[in-house]
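Fold and contact review
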Amino acid sequence: MDIKHYNQTPKRDATFITPPNIIKGKVGSGGLSEQVLKRAQKLLETHTSDFSPLADIYLSRMLEGIEKAENTNEEDVLEDLITAILLPCVQLKANGAMFHYQLVTRIADRFVQFMEVVECLDEETIEIAKAYHSTIKIVVAGKIKGDGGKQGDALVEELNRACMRYFEKHKTLKV
Amino acid sequence: MTYSFQTTKVLLVEDNAPMLELLKGILQSFGIGTIITAMDGEEGFLKFCQNNPDLVITDWMMTPCDGIALSHKIRNEKKSPNQYVPIILMTGFSEKRRVFSARDAGITEFLVKPFNTRDLYKRLHQIIERPRQFVRCEEFFGPDRRRKTTKDHDGLQRRQDDSGNTDEQNEDHTAEAQNNDGPLTDIDFL
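To start, this report covers the structure provided alongside it. Everything numeric in this text was worked out from a predicted model, so none of it was measured.

The rules behind these values
- Residues numbered from 1 in each chain as written.
- Chains lettered and ligands numbered in written order.
- Predicted model: local features only at pLDDT ≥ 70, side-chain atom pairs only at ≥ 80, totals over all residues.
- Helix = DSSP H or I, 4+ residues; strand = E, 2+ residues; numbered from the N terminus.
- Buried ≥ 20, exposed ≤ 12 C-beta atoms within 10 Å, placed from the backbone.
- Contact = placed C-beta atoms within 7 Å.
- Nonpolar A, V, L, I, M, F, W, Y, C, P; charged D, E, K, R; others polar.
- Pairing = 2+ DSSP bridges.
- Axes fitted to C-alpha atoms, helices over the stretch in contact; angles between N-to-C directions.
- Parallel < 35°, antiparallel > 145°, perpendicular 65-115°, else oblique.
- Left-handed = near helix turned anticlockwise from the far one by under 90°.

**Digging into the overall build of chain B**
Scanning chain B from terminus to terminus reveals six helices and seven strands. The secondary structure elements of chain B, listed N-terminal to C-terminal, are β-α-β-α-β-α-β-α-β-α-β-β-α. For chain B, the residues scored as buried account for 42% of the 190 residues in total.

Here's what the structure looks like:
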């Protein structure tokens, strides 16, 4: 007998339901035409909504989070402090490229990945957070749209290196 | 013949006004007949109850009531007019643990921001052409979370009826898993 394990977790009594496919009944079949998809994509690529006011809100919240982490007290919970810095940056990552600021998305994405794995908010973590914050602020203020070309690559690379130096120092991190 | 969204009602919940307008424009260009908008989960649920839309597209991070809380309400509250409505959750998060928590809240599809119109269309297509069964058990109600189940699964079969009805499902899911290799995104997270 091929027994893989002896785990006898009780089986869950699950009911499967197949709901009526209302939306299918309404839209029919055949998908959307290439022409419609291209028109929608063009709308996305050419809209002129200004990202700066939105970015400023998220940057301010991110800075508030950083300042709170700098002046932490015993009652503060690490997870909450990290979240206060992380969430505005997730918004910058999510919205940047939707408003033609692909470089903001790229930088913010790296920082989100960094913040998802850090296990403390020491001086060095905060320094890195400040570096990311300032860089995104400069990109938005300079209205650097698109991926930023070679300068954009250099910026991302420099921030990457700072993170790698950090991880080199904090080798016990479960990255 | 192509899809006609003329009679389709979509509830769009997003707290970021420029983004809300942008998404509305994209849905209009898809030909969606009625687009109802709300700026947070609380207002979203109210409009959901009033309008009973065919599809909900919601952002995750909103205050005071976010997209996960909205999904919980739609799936579990008595006054919800359609607990089975497809829900697309948009978010900047793509880390597995975050995605799994959204999945456990009863989300149908997950759309990582930033996205392009083809990404959004893929989710719509998925919902229309490959609707998911719902599962009700003691601790969960929502779309079947086992989308990526494969035939060579060698772990525990934890559901009472696993031995009886999984052949067809497995075949279906395996095909889908094969089509969705690559980084963790929306349709391949489940």
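There is more to say, and it comes next.
**Notes on the interface of chain B and chain A**
Contacts between the two partners involve 46 residues from chain B and, on the opposite side, 45 residues from chain A. With seven residues, helix α1 (residues 17-30) of chain B is the single largest residue contributor to the side of chain B that touches chain A. Residue composition of the side of chain B that touches chain A, grouped by class: 22 nonpolar, 15 polar and nine charged. The pairing of strand β1 (residues 15-17) of chain A with strand β6 (residues 134-137) of chain B spans three bridges and is antiparallel. Across the sheet, residue Ile-17 of chain A finds its bridge partner in β6 of chain B, namely Phe-134 of chain B.

**Digging into the sheet that holds strand β5 (residues 109-112) of chain B**
Residue and element names in this part refer to chain B. Spatially, the five strands line up as an open sheet ordered β2-β1-β3-β4-β5, and their pairing is parallel. Bordering the open sheet on either side are β2 (34-38) and β5, each of which pairs with just one other strand. Within this sheet the neighbouring strands show an average axis-to-axis angle of 20 degrees, counted without direction. As paired elements, strand β3 (residues 55-59) and strand β4 (residues 87-91) share four bridges and run parallel to each other.

**Comments concerning the packing of helix α3 (residues 52-70) of chain A against helix α6 (residues 123-141) of chain A**
Residues and elements named next belong to chain A. For the pair α3 and α6, the least separation of the axes is 10 Å and the interaxial angle reads 165 degrees. The orientation of α3 relative to α6 falls into the category roughly antiparallel. Judged by the twist between their axes, the crossing of α3 over α6 is left-handed. Taken together, the residues of α6 that come into contact with α3 (itself represented by Ser-52, Ala-55, Leu-59, Met-62, Leu-63, Ile-66, Ala-69 and Glu-70) are Ile-126, Ala-129, Lys-130, His-133, Ile-136, Lys-137 and Val-140. Considered class by class, the residues forming the contact of α3 with α6 number ten nonpolar, two polar and three charged.

**Examining the pairing of β6 of chain B**
All names here are of chain B. Where β6 and strand β7 (residues 140-143) come together, four bridges link them in antiparallel fashion. Among the inter-strand pairings, Val-135 is bridged to a residue of β7, identified as Gly-142. Hairpin geometry of β6 and β7 is characterised by an intervening segment of two residues between the two adjacent antiparallel strands.

**Overview of the pairing of β3 of chain B**
Residue and element names in this part refer to chain B. With five of five residues buried, β3 lies mostly within the body of the structure. Burial along β3 is two-sided: Leu-55, Ile-57 and Asp-59 facing one way and Val-56 and Thr-58 facing the other are all buried. When strand β1 (residues 9-13) meets β3, the two strands line up parallel, connected through four bridges. Its bridge partner being in β3, Val-10 is matched across the sheet by Leu-55.

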